[in-house]
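What follows is each chain in one-letter form.
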Amino acid sequence: MTHSTITMSIDIQQELISHAQRELPNECCGYITGQGSALMQVYPMTNVDASPVHFSFEPTEQFKVIKDARTRQEVPVAVYHSHPESPARLSNEDLRLLNDPNMVYIIVSLEQHTPELKAYHVINGNITDVDIVYREGKK
């Protein structure tokens, strides 16, 4: 199910930025689960590539996220990763690897002084922007 808008708390936004900063100089990565278009739980994961320009999930961690999300009546809504030194847009490498039309892809860019988050859908190679609406309060 594709979403033109997703919602996340300011806390989740800060969690994503903090994870990106902790993993420097490499990209961070993870899942965010939720219900519908509401993002509710961040799952920071290991970038097994340990690279500043590429990420890959650890398969055992992926399985644990899916299992834990089910117990919370949630599903993975978004994959996030960081771009330590480039803008918050999908790279050619991202487009090659990110091909689940149901998933929202969030990029945390640390290129500028102020971190930037942007979200996208990729359907048949076509990129569509997804608006992020921030809400107050806890997840």
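Asks: Mind showing me how you'd approach the overall build of the chain here?
Replies: Helices and strands together make up the secondary structure of the chain, namely three helices and seven strands. Starting at the N terminus and ending at the C terminus, the chain contains elements arranged as β-α-β-β-α-β-α-β-β-β. On C-alpha atoms alone, the chain measures out to a radius of gyration of 14 Å, which is about the 14 Å that the 2.2 N^0.38 rule sets for 139 residues. When the backbone C-alpha atoms are referred to their principal axes, the chain occupies close to 35 × 35 × 30 Å.

Asks: What should I look at first to understand the packing of aromatic side chains in this one?
Replies: Remark: the centre distance and the inter-plane angle together describe each pair of aromatic rings, the angle taken between the planes. Applying the stated criterion across every chain, the model contains two aromatic pairs. With a centroid separation of 5.5 Å and an interplanar angle of 65°, the aromatic rings of Phe55 and Phe57 are classed as edge-to-face. By relative accessible area, Phe57 is classed as buried at 14%. Among the aromatic side chains, those forming a connected cluster through ring pairs are Tyr31, Phe55 and Phe57.

Asks: Teacher, can you tell me more about helix H1 (residues 10–22) here?
Replies: Because each turn of an α-helix spans 3.6 residues, side chains separated by three or four positions end up pointing in the same direction. Taking 1.5 Å as the rise per residue, H1 with 13 residues should run 18 Å; its terminal C-alpha atoms sit 18 Å apart, in good agreement. Looking only at H1, the buried set comprises Ile12, Gln13, Leu16, Ile17, His19 and Ala20. Relative to the axis of H1, the buried residues are bounded by an arc of 160° and lie together on one face.

Asks: I'm lost on the environment of Thr71 in this one. Help?
Replies: Relative to the helices and strands, Thr71 is located in helix H2 (residues 59–71). Residues Thr71 and Pro44, 27 residues apart in the sequence, show an inter-C-alpha distance of 18 Å. From its side chain, Thr71 meets the backbone oxygen of Asp68 in a polar contact 2.6 Å long.

Rules used in this analysis
All chains use their own residue numbering, which begins from 1 and follows the written sequence. Reporting of local features is limited, given that this is a predicted model, to residues whose pLDDT is at least 70; pairs of side-chain atoms are given and counted only at 80 or more, and all residues count toward the totals for whole chains, interfaces and linings. Computation of side-chain values: all heavy atoms of the structure, hydrogens and water removed. A run of H or I in DSSP becomes a helix once it reaches four residues, and a run of E becomes a strand once it reaches two; helices and strands are each numbered from the N terminus. The globule rule used here is 2.2 Å times the number of residues to the 0.38 power, and the radius of gyration it is set against is calculated over C-alpha atoms. Any two rings among Phe, Tyr and Trp, with Trp reduced to its six-membered ring, count as a pair given centres within 6.5 Å; such a pair is stacked if its planes are under 30 degrees apart, edge-to-face if over 60, and tilted if neither. The buried label goes to any residue with under 20% of its type's maximum accessible area, the exposed label to any with over 50%, and the partly exposed label to all in between, with areas taken from a 1.4 Å probe on protein chains only. Given a helix with a known number of residues, its expected span is that number minus one, times 1.5 Å. This arc corresponds to the set of directions leading from the helix axis out to the C-beta atoms. The term polar contact refers here to a pair of N or O atoms within 3.5 Å; inside protein, the definition further demands a hydrogen-donor-capable atom paired with an acceptor-capable atom, and it admits residues adjacent in sequence only when both atoms are side-chain atoms.

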